[in-house]
Structures are given as C-alpha cells and as structure tokens.
Amino acid sequence: MRCDTEAVTASAAILVVDDHDGFRAFARKMLELAGFTVAEAASGAEATAAARRIRPRLVLLDIQLPDFDGFEVARRLAGQEDSPVIVLTSTREASDYGGRIAASAAAGFLPKDQLSGAALLRFLAEGMP
Amino acid sequence: MSRRWQAALTAAAVAAVTGLVVVTYVPGPPEPLIGTISQAAVGLAFLLAGIAAWRRWPSSRLGLLFTITGYLWLLPSVARLPYALPFTIGNLMAPVYGAALAHLGLAWPTGRLRSRFEAGVVIADYAWNIGQSFVSMFFWNPRTNCSPGCPANLLMVDGSKSAENVLGVISAPVGLALTGIVLVLIVRHWQAARGWSRRAMVPLLWIAPAICALSVTQTVAENISLPFFNSRVGNLVLFGYAPLILLAGPALFVASTLLARTARGAVGTAIVDLESGAPPGRLRDALARALGDSTLQLAFRLPDGSGYLDTAGQAVDPARPGPGRAVTPVAESGDAVLIHDDGLEHEPQLVRLTAAAASMALEHSRLQAEVQAQLEQVSASRARIVEAGDDARRRLERDLHDGAQQRLVTLSLALGMARNRATGADPELESLLESATKEAREAIVELRELARGIHPAVLTETGLAGAIQALVERSPVATTITAVPAGRFPAPVEATAYFVVSEALTNVAKHAAARNAQVAIRKLATRVVVEVSDDGAGGAAPDAGSGLRGLADRVASVGGSLRIDSPPGCGTRLEAEIPCP
C-alpha cells in the first residue's frame, strides 16, 4: 500500500523503489532479516523525495515505474549531495536494456530473482570510496 | 444516305457518262479524243465525289453541289445529238457549270453560304451565266460557223453576228470581275477559318486559283483573237487538256476523306498512346491532335453543378460556345463536353468517335483512381493491422512482466528464503525447498524467453541499436554488426527492421550452416536499409519457407520491399528497404 511509504524511519539505510506492492513488502522482509533498515517508495517522485529526506546508503531501483523510469530516477538521485549507491533491478535481464544500464548513473544491475542481502552488501562494498 | 440512294445515284452517274460517250460518236463532225476523255472523266469525278460527300457529311450540302456541278458539266454534250432541242439546250447550258463551281468553292466545306452577300454573288453568277448564254443564243446562227449539217438554234432571233460581238465586250469584264470576287472571298474564308475548317479549306486554296486561271484564260481566248488560241493545238490545250485541272477538285476531296479516315485512326492511336493516369490536359492535347483542331477544349462540370471549367482552368459555358464553336457531350451525363470548331459538325463520325474515346479515357482514369484509392486504403489498413498487432504484443509482454513474472520472482525469492531458514533444521524440507526454488527459477527463465519472443522489451526501451546488439549476442552463429544507426525511428520501422534481423539470424542458425554472419542497418534519405548476410550454404527461396514469405509480407505492410540473393553454395544475402522519412 502506498500510504506505508510515508512511514519511513530516519535511520533507513536501504530504499526499495518498486510499484509492485507484493515485491516491495517481500524485499523489506528479506532485507530486514538480513539486518538492513528498509524504506519504501512506489514511484519515481516518491523515490527522489524519500531519498532527499532519509539519505539511504543504497537504493534498489526498479526500472519500470509508473511516472518516470528507473534511469531517470537514477540521474536525479546521482545529482543529489551525498548520493547513494544505486542498484537497478527488473524481472527482465540486463540485456533487455541494451547499453542503457552501463550508460546510467547506477552502480549496477541485479535481476529481481537474484535479490539477497549478500548481493546488496557486495554492491555496498564496491560503491564505497 | 441509304444504300438504295447511293446505288441509284451511282447508276445515274454511270448512265450519264456512258450517254456522253455514246453521244460523242453519233455521226457528225469528229470530236478530238482528249475532249471526250476530259468531259467524261471530270463529270464522273464530280458525280462520284458527290456520292462520297453525301456519305461522309450527310448534314452538308456539299454532296448535292458536287452532283449538280457534275450534271451541269455533262449536260452540254447533248448538243451533239442531231436534233434542234438538245442542240439548243446543250449550247444554252454550256457555261452554267462555271457558276456551280463558284457556288461549290464559296460553300466549302459546309455546303452552306456564309452570308447574304455571298448568296447574292452566287445568284448573280448563275444569273449572269444563264442570261449571257440566252443573249448569245438569240444572236447565234450555228449554220454560219458550224458545219451545214448542224441542227437549228431554236432560240435564234437574229442571225447577224454583230450583236454577239457587242455582248462579248461586256461579257469579258463581268465574267472576270465575278471570278475575281469569288477568288478573293475564298482566300478570306481561309484566313478566317480556324481548326478543322482551316484544314478543310487547304485543298480548295490550291485548286480555286487554278480553276479561276483556267476560266480567265478561256474567257480571254473567247473574246480576244490570239493566233495560239485560234490554232487547232491551242484549242485542244485550252478546251481539251486544261479542263482536266478540274479533276483535282474531286480528287483532293477524296484525298481529304482518306485523311479524315487516318484522323479517325489517330483518335484511337492518341488514346492508346496516352499513358494511364495522364492528366486531362494531356488527353485534350491528344484529342486536339487527332481531330486536327488546335482550338479544342475539354471541359468538366464543376462538382456543385455551377458551371464548367476547361483543362486550362478557364470557365466555359457549353450553352453559349461562341461564334464558330460547337459542343459535343463526352458522356450522356454531360459531366464532360468537347467544345470544338463548328466545321467539325460535318464530321459527325469523327467527333462521335473522339467523344467516345475521351469518355473511355476519362472512365479509365476514374476507375484507375478508384482502384488506386482502394489500394491505398487496403495498404493503410494492412499497416494499421500490423501496427495494432505490434501494440498488442507489446502490451502482452508488459502485462507478463508486470504480473506473472513479478509474482513468480517474488515466489522464487520466498522459496529461497524459506530454504535458507530450513538449512540444518530439516534436510528433507531443505531439499524439497531447494528443488522448488530451482523449478521457480527455471519458470522465470522460460517466461522471460516467452515474453521476449512475444515482443522484445529492449526494442521499446532502447531502440534498434540496443535491440540488434541483444539479438546478435544471443545468436549461435558468430555475428558482427557493421553498421547500425543510433537514433530512434517510428515504432513500425523499428519493429520491422528488428523482425527482419531476428528472422534472418534464426534462418542462418537453422538452415545456412554458416560460420559467420553480418548485420548492417543504414539510414538513407528516405528509407532504412537492413542487410543480413552469411557465408553459409545459400539456396534460400522466398517461397520455400513461410518464414521468409511472412517476412516479405511484414516488410510490404510498411510499404517496403525484401530482396533475397541466395545462390547455392555462395551464402545468403537478405536486404530489406523500409520507407522512413
């Protein structure tokens, strides 16, 4: 449910952006079990607003969003001060997006079915200066 | 004119000429052979021309005039009969054919005189010729300068020759003046004539001065005593050979009839030569050439019925075509009309033929336009159907992605988590969850392939360059991209180009036994050219498999063309041209 997304905690370290409620809820459960603090956003606009407010260390960003797509959200987030590590995700494969992922502001791509706390930790480790 | 009339007139003409020849050989003073020949030939020619004119121009009086002239020419020969009555009539009527010739010249080519003045000139000519002949007959005693066996002149009042000499002094100037007036009027007719009439005047323009010159010479010879004209040879030339000039009149007329027949052929040729879909202006030009009427106008009724426009865009009124103009409807509906020289009304067959040809050409153009419009409609609807199909597949792929795939992914993740939680606790549950996770992952992969087959998301997401790159990466045959434009194109163009490459690479993998393949896509000024080639077995035919056939249909749906060059043993080269502004 979208109204949940406003109830974010200030200490959230990971922002899950996806318009699919079921996946979002499941990702939150999985990542919280893995020890992360999780916030949610259901659209591109919510994602940029939430990121500005809670400054997550990592954004798990679905490419297909109802307002603007993940690439555009990534571009906006990357422009913010202290920008987070951005991981694009989709049920499709990276090859379905051609060179757009490599050309984007994101640190990488994670197919949705391979989501795990460990996978995100690897991105965090790579993304740290 | 009915066949019976034609037969009757022909029989009468032949009888008259035969009569002439017979009359020539009745006992009496010998007649030179050339005189008989020219008498018979000229008379017969005029009579036959009369029949031809009646057939060709039934509405014209030209046929009647030719016939009258012919009989007036033959009539004087009865004077050779050894009886007083025919002798008198023959001599009396001898000069009248001259007036008939003037009448014919002035009435050419319609058979009608153009003004009261000209009618007056013709009447004066007849009156002068007959009157003069009567007066001379009153004073002519044939016995004095004819052989003593001559029949009597029934009209003779006074046999002394003095009166005839007095008349001769007046006779020559009046005759010459009338001849001059007729000639001037004919030249002015020619100057005023346009289009068909002018062409019809041309033979007359040649023959009239020659006949006038003959007439003048004969008049002069009859009135002035010159040694040459008085000699036997001079007489023979002037009254034996020279009249043969008159043959040119009927001969030129018959020649122009043949030319008109050629013109009828020209109408057909003009229509055949007119390439399909030519604008109405070209049709007008072709018809004008065929009719020999440069003033021809082809006019169409405006759609709102308010008037007519000709092919030059000028408003015209068929109800008032103007002086010297006539109107022939092209079709019964009157939607199109020909406005032409009114002289052509005497060529009803030619005009009817032209109108019919114009009607056929216009109908052909109309049908062609209709077929073209239908073809365009069908092409457009085919393109819309293909596009709608693409849209449906795009939506289907998106629905799969948003729905089933999403849920399956979540399910797979949940199973994975459950398996992690079960680790160490229950080995049987763990292995069960392990295989469930594996099944779910495989389902995800299969569904992803299915979705990609329905419609490649990468094409929507990134356009041709990314989509072709993805295709090439998945191709089992080593494939290189030699050219691909970076920009985006209209969705039907991108989809068509993509399916060409996709189908071609599938064929390469399935049938070609190739080691290498190449893909090149180039954007030219008005089209996108897609080229896929391989170094395989070749021998691919467009009709062999439904794949290539379907691909050709697909390319045709966007107005493009597909070419396959596949000689056995020399690889296959497939080239699609897709229109793209």
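Residues numbered from 1 in each chain as written. Chains lettered and ligands numbered in written order. Predicted model: local features only at pLDDT ≥ 70, side-chain atom pairs only at ≥ 80, totals over all residues.

Considering the overall build of chain B
Across its full length, chain B carries 19 helices and 10 strands. Of all 581 residues assigned to chain B, the portion counted as buried reaches 35%. (Helix = DSSP H or I, 4+ residues; strand = E, 2+ residues; numbered from the N terminus. Buried ≥ 20, exposed ≤ 12 C-beta atoms within 10 Å, placed from the backbone.)

Concerning the overall build of chain A
Counting its secondary structure elements, chain A contains 5 helices and 5 strands. Along chain A, helices (α) and strands (β) appear in the sequence β-α-β-α-β-α-β-α-β-α when read from the amino end. When the 129 residues of chain A are sorted by exposure, 47% land in the buried category. Sequence separation of at least 24 residues holds for 61% of the intrachain contacts in chain A that already meet a minimum separation of 6. (Contact = placed C-beta atoms within 7 Å.)

Some details on unusual backbone geometry
Backbone phi values are negative for most residues with the exception of glycine, while trans is the configuration of most peptide bonds. One non-glycine residue, Arg55(A), adopts positive backbone phi at about 45 degrees. By the C-beta count within 10 Å, which is 16 here, Arg55(A) ends up partly exposed.

As for the sheet that holds strand E4 (residues 85-90) of chain A
Residue and element names in this part refer to chain A. Pairing within the open sheet is parallel, and its 5 strands lie in the order E2-E1-E3-E4-E5. The sheet is open, and its two borders are formed by strand E2 (38-41) and strand E5 (108-111), each paired with just one other strand. The mean angle between the axes of side-by-side strands here comes to 25 degrees, regardless of whether they run parallel or antiparallel. Two elements, E4 and E5, share 4 bridges in a ladder whose sense is parallel. Within E5, the residue paired with Val87 across the bridge is Gly108. (Pairing = 2+ DSSP bridges. Axes fitted to C-alpha atoms, helices over the stretch in contact; angles between N-to-C directions.)

Considerations on the confidence of the model for chain B
Here chain B averages 82 in pLDDT, and 89% of its residues register 70 or above. In the predicted complex, the global pTM is 0.54; the interface-specific ipTM is 0.82. (pLDDT = per-residue confidence, 0-100.)

Observations concerning the packing of helix H1 (residues 21-33) of chain A against helix H14 (residues 348-422) of chain B
Running from amino to carboxyl end, H1(A) crosses H14(B) at an angle of 20 degrees, the nearest separation of the two axes being 10 Å. Relative to H14(B), the element H1(A) lies roughly parallel. Relative to H14(B), the crossing made by H1(A) is left-handed. Contacts between H1(A) and H14(B) involve Gly22(A), Phe23(A), Phe26(A) and Met30(A) from the first element and Gln406(B), Arg407(B), Val409(B), Thr410(B), Leu413(B), Ala414(B) and Met417(B) from the second. Classifying every residue of the contact of H1(A) with H14(B) gives 7 nonpolar, 3 polar and 1 charged. (Parallel < 35°, antiparallel > 145°, perpendicular 65-115°, else oblique. Left-handed = near helix turned anticlockwise from the far one by under 90°. Nonpolar A, V, L, I, M, F, W, Y, C, P; charged D, E, K, R; others polar.)

Brief notes about the sheet that holds strand E2 (residues 308-310) of chain B
All names here are of chain B. If you walk across this open sheet you meet the 5 strands as E3-E2-E1-E5-E4, and the pairing is antiparallel. The open sheet has two edge strands, strand E3 (315-316) and strand E4 (325-329), and neither has a second partner. Looking at chain direction, strand E1 (residues 297-301) and strand E5 (residues 336-341) are connected through 4 bridges and run antiparallel. Residue pairing across strands places Phe300 opposite Ala336, the latter belonging to E5. Sitting on the sheet, H14 is in contact with E1, E4 and E5, with an inclination near 145 degrees to E5.

A closer look at the interface of chain B and chain A
Put simply, an interface is often sized by how much accessible area is lost when its parts join up. Counting from both sides, the interface comprises 23 residues of chain B and, opposite them, 17 residues of chain A. Of all the elements in the fold, those that place two or more residues in the side of chain B that touches chain A are H14, helix H15 (427-454), helix H16 (457-462) and helix H17 (464-474) of chain B. A total of 10 residues in the side of chain B that touches chain A trace back to one element, the largest contributor, which is H14(B). The class makeup of the residues in the side of chain B that touches chain A is 10 nonpolar, 8 polar and 5 charged.

Section: the pairing of E1(B)
All names here are of chain B. Relative to E2, E1 is paired through 3 bridges, and the arrangement is antiparallel. When the bridges of E2 are listed, Ala299 appears paired with Asp310. Hairpin connection, E1 to E2: the antiparallel pair is bridged by 6 residues, and Gly305 has positive phi, about 75 degrees.

Focus on the nonpolar core
Leu15(A), Val87(A), Ala497(B) and Val501(B) are the most contacted members of the largest nonpolar core, which has 80 residues in total. Residue contributions to this core peak at 10 residues, all from helix H18 (residues 491-512) of chain B. Taken domain by domain, the makeup of this core includes at least three residues from each of domain 3 (375-455) and domain 4 (462-579) of chain B. Once you skip the residues sitting within four places of it in the chain, Val501(B) turns out to touch Ile468(B), Leu471(B), Val519(B), Val530(B) and Val532(B). Listed in part, the 46 residues of the second largest apolar core include Val17(B), Phe66(B), Trp73(B) and Ala99(B). (Core = buried A, V, L, I, M, F, W, Y, C linked by C-beta atoms within 7 Å. Domains from an automatic or database assignment.)

Section: the confidence of the model for chain A
Scored by pLDDT, chain A comes out at a mean of 83, with 88% of its residues at no less than 70. Within the model, the stretch residues 1-12 of chain A combines pLDDT values under 50 with 19 contacts to residues more than four positions away or in other chains.

Topic: the packing of helix H3 (residues 62-74) of chain B against helix H5 (residues 96-107) of chain B
For any two helices packed against each other, the geometry is given by the interaxial angle and the distance between the axes. Residues and elements named next belong to chain B. Contact pair H3 / H5: the axes reach a minimum separation of 8 Å and the direction vectors enclose 165 degrees. Relative to H5, the element H3 lies roughly antiparallel. The chirality of how H3 crosses H5 is left-handed. In this structure, H3 uses Leu65, Phe66, Ile68, Thr69, Leu72 and Trp73 to contact H5, whose residues at the interface are Val96, Tyr97, Ala100, Leu101, His103, Leu104 and Ala107. Classifying every residue of the contact of H3 with H5 gives 11 nonpolar, 2 polar and no charged.

Description of the environment of Ala102(B)
Residue and element names in this part refer to chain B. Structurally, Ala102 is set in helix H5. The class for Ala102 is buried, based on 28 C-beta atoms found within 10 Å. In this structure the C-alpha to C-alpha distance between Ala102 and Tyr126, which are 24 residues apart in sequence, comes to 9.2 Å. If near-sequence neighbours (up to four positions away) are discounted, Ala102 is found in contact with Val122, Asp125 and Val182.

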